[in-house]
Amino acid sequence: MPAGTACAVSAGTSGQGFVGDVAVAALGVAAAAVLWCAGRGGQAGWRGWRLLAVAPLLPVVGFVAAAVVGPTDPMELVVLRWLPTVPGYGIAVVGILTLVDRARLRGGARAGVELALFGGACLLVVQLLVLGPDRSWADLRPAEGALLAAAVLVTSATMAAALLLLGAVECRRQPTALVLLAGTVLLTAGRALGTSALLAGSSGAVDASRFLVVGGLALLGAAVLVDPGPCPEEAARPGPRTGRSTRLGQLLPHLAMVVVLAGLALTTLLGQRTGPVLVPGVLLCAVLAAVHRWLTAREEQRLGARLRRSEACFRSLVAASSDAVLVLDGDLRVTWASPTLGTTLGDPAPAVTGRDLLELVHPEDALPVARALRPAVTAPLPAASAGLLRLRLPHADGTWRHLEASVSDLRGDAAVGAVVLHCRDTTERVERERALEQVAFTDPLTGLPNRAGCERVLEQALAAGAAPAASLLLVELDGLAEVREDAGREVVSTVLVEVGRRLRATVRSAELVARVGGGAFAVLAEGGAHAVDLLADRCLSVLEQPLDTRAGVFDLAANVGVVALEAGLGVGELLTRAELAVRAAAASGTGTALRYRPALGSAAARRARLRDDLPGAWHRGELSVLFQPVVSLEEQRVTGVEALLRWRHPELGEVPPAEFVPIAERAGVVGELQRWALERAAAVALTLPCTGAPLQLGVNISASHVAARTLVGDVVSALRTSGLPPERLILEITEATVLAEGDHVAADVEALRLMGVHVALDDFGTGHSSLAHLTRLPIDVLKLDRSFVARVDRDPKSRALCESVVTIGRALGLDVVAEGVETPGQLGVLRGAGCGFAQGFLLARPMPAGELTDLLCDGAGLLWPGLVGSH
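### What to know about the sheet that holds strand 12 (residues 593-595)
Point 1. On the basis of which strands lie adjacent, the open sheet formed by 5 strands has the order 7-8-6-11-12 and mixed pairing. Two strands close off the open sheet at either side, each with one partner strand: strand 7 (512-515) and strand 12. The average undirected angle you get between the axes of adjacent strands in this sheet is 20°.
Point 2. With 3 bridges joining them, strand 11 (residues 557-564) and strand 12 adopt parallel strand pairing. Looking at the pairing, V562 lines up with R595 of strand 12.

### Some details on the side chain of R728
Point 1. Looking at where R728 falls in the secondary structure, it is placed in the loop between helix 28 (711-722) and strand 17 (729-734).
Point 2. In this structure, R728 is buried with no salt-bridge partner, the nearest side chain bearing the opposite charge being E727 at 7.4 Å.
Point 3. Within the structure, the side chain of R728 is placed 3.2 Å from the backbone oxygen of A685, a separation counted as a polar contact.
Point 4. A distance of 2.8 Å separates the side chain of R728 from the backbone oxygen of L695, its partner in a polar contact.
Point 5. Those residues in contact with R728, other than ones at most four positions away along the chain, are A685, L686, P694, L695, Q696 and L697.

### Some points on the pattern of salt bridges
Point 1. Within the structure shown, the criterion is met by 32 salt bridges.
Point 2. The salt bridge involving R401 is made with D425; its shortest N-O contact spans 2.7 Å. Taken together, the residues R401 in strand 4 (residues 400-409) and D425 in strand 5 (residues 419-425) connect sequence positions 24 residues apart.
Point 3. Notably, a salt bridge pairs D533 with R595, separated by 3.1 Å at the nearest N-O pair. Here the residue D533 occupies a position in helix 22 (residues 529-544), and R595 occupies one in strand 12, the gap between them amounting to 62 residues.
Point 4. R595 gets classed as partly exposed once you look at its relative accessible area, which sits at 26%.

### Overview of the packing of helix 24 (residues 598-613) against helix 25 (residues 657-667)
Point 1. One can describe the packing of helix 24 onto helix 25 by two numbers: an axis separation of 10 Å at closest approach and a directional angle of 65°. Classified by the angle between their axes, helix 24 and helix 25 sit roughly perpendicular to one another. With respect to the hand of their crossing, helix 24 and helix 25 are arranged in right-handed fashion. Residues R606, R607, L610 and R611 of helix 24 form the contact with helix 25, whose own contacting residues are E659, I663, R666 and A667.
Point 2. Partitioned by chemical class, the residues of the contact of helix 24 with helix 25 number 3 nonpolar, no polar and 5 charged.

### Comments concerning helix 22
Point 1. In a regular helix each residue adds 1.5 Å, so 16 residues correspond to 22 Å; helix 22 covers 23 Å between its end C-alpha atoms and thus fits that length.
Point 2. Considered for burial, the residues of helix 22 that qualify are V532, L535, A536, C539, L540, V542 and L543.
Point 3. On its buried face, helix 22 sits against strand 6 (471-478), helix 21 (489-506), strand 8 (520-525), strand 11 and strand 12.

### Overview of the pairing of strand 5
Point 1. Here 5 bridges tie strand 1 (residues 324-328) to strand 5, and the two strands are oriented antiparallel to one another. For V327, the partnering residue across the bridge sits in strand 5 and is V420.
Point 2. Across 7 bridges, the pairing between strand 4 and strand 5 is antiparallel. Across the sheet, the residue bridging to S408 is V420, located in strand 5.

### So, a nonpolar patch on the surface
Point 1. Taken together, V34, L225 and V226 make up a surface patch of nonpolar side chains, about 270 Å² in accessible area.
Point 2. Mapping V226 onto the fold places it in helix 11 (residues 203-226).
Point 3. A residue is classified by how much of its surface remains accessible, and V226, at 47% relative accessible area, is partly exposed.

### As for the packing of aromatic side chains
Point 1. By the definition in use, this model includes 2 aromatic pairs.
Point 2. Ring centres of W647 and F660 lie 5.8 Å apart, and the angle between their planes is 85°; this geometry places the pair in the edge-to-face category. Of this pair, W647 sits in strand 14 (residues 637-649) while F660 sits in helix 25, and the two are 13 residues apart along the sequence. One exposure class covers both W647 and F660, and it is buried.
Point 3. Against the face of F441 rests R456, its NZ or CZ located 4.1 Å from the ring centre.
Point 4. Stacked on the ring of F841, the Lys or Arg R845 has its end atom at 4.2 Å from the ring centre.

### Looking at unusual backbone geometry
Point 1. Non-glycine residue Q636 carries a positive phi angle of around 55°.
Point 2. Along the chain, Q636 falls in the loop between strand 13 (623-632) and strand 14.
Point 3. With a phi angle near 65°, R709 is a residue other than glycine that sits in the positive phi range.

### So, the nonpolar core
Point 1. Counting residues in each nonpolar core, the largest one holds 76 residues, and the members touching the most others are F627, L697, V715, L729 and L784.
Point 2. Ranked by residues supplied to this core, first place goes to helix 26 (residues 670-685) with 8 residues.
Point 3. Other than its neighbours up to four places away in sequence, F627 contacts V641, E642, A643, A681, V684, L697, R845, P846, M847, A849 and L852.
Point 4. By size, the runner-up hydrophobic cluster in this structure holds 41 residues, among which are C122, A223, V224 and L295.

### Brief notes about the side chain of D714
Point 1. With respect to the helices, strands and loops of the structure, D714 is situated in helix 28.
Point 2. Beyond its immediate sequence surroundings of up to four residues, D714 is in contact with R675, L678 and H705.

### Digging into the confidence of the model for the protein chain
Point 1. Averaged over all residues, the pLDDT of the protein chain is 78; the fraction at 70 or higher stands at 78%.
Point 2. Low confidence marks residues 1-15, where pLDDT is under 50. Its contacts with residues over four positions away, or in another chain, come to 52 contacts.
Point 3. Scored below 50 in pLDDT, residues 377-386 makes 22 contacts in the model with residues more than four places away or belonging to other chains.

### What about the layout of surface pockets?
A probe matching the size of a water molecule, rolled over the atoms, marks out where space remains unfilled.
Point 1. Computed from the structure, the second largest pocket encloses a volume of approximately 940 Å³.
Point 2. Residue assignment for the lining of the second largest pocket shows that the elements contributing at least two residues are strand 13, strand 14, helix 25, helix 26, strand 16 (696-700), strand 17 and strand 18 (758-764).
Point 3. Partitioned by chemical class, the residues of the lining of the second largest pocket number 18 nonpolar, 8 polar and 10 charged.

### Description of helix 19 (residues 451-463)
Point 1. Spanning 13 residues, helix 19 covers 18 Å between terminal C-alpha atoms, matching the ideal 18 Å at 1.5 Å per step.
Point 2. Among all positions in helix 19, only G453, C454, L458, A461 and L462 are buried.
Point 3. Packed against the buried residues of helix 19 are helix 18 (427-441), strand 6, strand 7, strand 8 and helix 23 (571-588).
Point 4. Sitting at the head of helix 19, N450 places a side-chain oxygen 3.2 Å from the backbone nitrogen of A452.

Rules behind the numbers
Residues numbered from 1 in each chain as written. Predicted model: local features only at pLDDT ≥ 70, side-chain atom pairs only at ≥ 80, totals over all residues. Heavy atoms only, no water. Pairing = 2+ DSSP bridges. Helix = DSSP H or I, 4+ residues; strand = E, 2+ residues; numbered from the N terminus. Axes fitted to C-alpha atoms, helices over the stretch in contact; angles between N-to-C directions. Buried < 20%, exposed > 50% of the residue type's maximum accessible area, 1.4 Å probe, protein only. Lys, Arg positive; Asp, Glu negative; His and termini not counted. Salt bridge = Lys/Arg side-chain N within 4 Å of Asp/Glu carboxyl O. Polar contact = N/O pair within 3.5 Å; in protein donor to acceptor, adjacent residues only side chain to side chain. Contact = heavy atoms within 4.5 Å. Parallel < 35°, antiparallel > 145°, perpendicular 65-115°, else oblique. Left-handed = near helix turned anticlockwise from the far one by under 90°. Nonpolar A, V, L, I, M, F, W, Y, C, P; charged D, E, K, R; others polar. Expected span 1.5 Å × (residues − 1). Patch = residues over 30% accessible without salt bridge, like charges linked within 9 Å, V, L, I, M, F, W, Y side chains within 5 Å. Areas by Shrake-Rupley, 256 points an atom, 1.4 Å probe, with all protein chains shown as cover. Phe/Tyr/Trp six-rings, centres within 6.5 Å; stacked < 30°, edge-to-face > 60°. Lys NZ or Arg CZ within 6 Å of the ring centre and 35° of its normal. Core = buried A, V, L, I, M, F, W, Y, C linked by side-chain atoms within 4.5 Å. pLDDT = per-residue confidence, 0-100. 1 Å grid on protein atoms, 1.4 Å probe; cavity = no way out; pocket = protein on both sides within 12 Å on 5 of 7 lines; lining within 4 Å. Points joined across faces, edges and corners; volume = space filled by probe spheres on them.

In structure tokens, the structure reads:
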């Protein structure tokens, strides 16, 4: 640095002075190393430090040159040491100005006046320092005057550059600029003082200059170490960036003028000669200060006018906007509100100004708003938009208006220090959303929550960690189908409304009652297991009471499944458990309440496994067809067989038809299943031996198969494939299937009979069987269910009823077959009543085709009475 030349200028011929100069030179090299290493190449603002690192090395060059040449004349010594340092002043000025963004140095005429003022003030002060109290420019020789004048000029330029940096640098780097200014003043002052002292022959001043240079180098190294670097946000901010807006930048011109005046006053008070330069220089600085003040006032006036126009545009924009704007201070107190807020709330906007926002909002919104906006409650929001905040403010009519506010937290900006809320009135939208929610989550018939509403409440209860004492009751009505058949859908709606009212009146007001299906209701009850069981019994009791409607009085029953809410359960699993429990309750008998137990879940898992494994079981060889003989009681021989489907699961073993046939119906594969059974049974029946009339083949047909309207085509395909004559095939269909709604059922049955296929009414005597239907049903065979003949040998009434049905069947020309004959007594009663045919374990169990063939061949078709004992 140029100040380092002070060590060269101050060096004397004594050994002590030489050692001091060597120490100062070494310190200059060390300072240059610190500046170079601390400078970060490639980053804006840090190249200046590397330029400053070069400047202290040039005085070292002059010191080495003087040491080698060894001049004896002080003038020659000063020239030899000082001339190599002159480029260092220029490098130092460029380096200092490079530390700040060039955009901040642009300030027009005011910046030029400011620079001239800094330069003039530094020139006058350095002149006073160099000449001292006893000399003037007239006292100096021309060579000395020229040398000192050059020293004054370059020193003043360097100081002016440091002052300009201090006024233009951003606020966060002002401490660094102050340290750099102090180091520059000490270095340049020390150099100028040493040069002047050496020429004047003052050894004491030379020693003082060394201390000034040492202090300047130390401050220069400290400046680079404390520099935080340019602010990335400042560099990225668009628009002009001048440093004149900082307080220090505004005060520096005035401080420079004060220093000049203080120097003039001190010179006058000490009685020193002012010289031809000082007074004109002071007058010039005064003029520059006045011009600077005038330019500053004019610029402030322009900025004020621009600010007023901008504020007017902003106010017009805010007033024309449909969104209300609230400005809050750090304590969330409203400092300004746009006129739109008054329109939204029905009150003048100043009514909210000065009030705490947390006192204005709805009490339920106070805590969420505080959490979102108070830094003490939560982390401060980012300076940009912090998201949407929902709050309610009171309207003049006493209602609450819903507002949706986008938050801009500008409390980190010292120029603003506020929170800005851009509020939009969403009251109408909220009301529409509530109306849609009402439609989406409410049953329109009963006014109770629907299944979606029930699931939402259950999800909330499970998410909140509902106590184990909470339980879900699933109530399923029994008897609605009869009400619909007898009275119509309108009466069913009336019944459902009354059921919902009764359940609502039975439970507590805080407990949920929802309609989750056609005849299914859900109750979310609180309390222990015993209390919930009592509530389930009360629900059954109130639902079993007669329902008086305009169409008459109806009796309903219900079943209740109870399941306790457990931690970790999902809504789907909870409802599945409730459905399993209510299904088990229905299987136990009407009017039953049953709690869920893990065994029900195991049964459900078994059904799910069977549902997954059933499709394709016939291709894997897991299905088989067994045959149970049908015996003619009059001829005492086998006249037919009934094909019975069996499934041996590879892991679960034998699965009874009563279990897998309903699963096949629900899975939609019952058609394929029975098509395979029909083809397989027809093919086997054609190979069975017979001694008299050919054996007839009975095959069970499910209601789903009939409803699918593929039965006729499947029968034709099976008969064509196997070659079995149609008159040998008997299709066993239940009474409910034959009487099902739809003309296609009767048409299909009639088509089958026209083909020659016989139709048997299966399981007669169960459900709602009616003797009156026998005259209208298109059937050829009547099969009595096992439950119908189970007590004929012990109960006179059952025997009389059985004899009546047999007699009616024979009178109508129907073949009557008794199923489930298991005792000789039952067989004797049926034979005495004139029943034509029988089948059951007493006569023969279901058997594979091979065993049936051997049996028919060995016994020549006779099973009773000779083969009964052996079987």
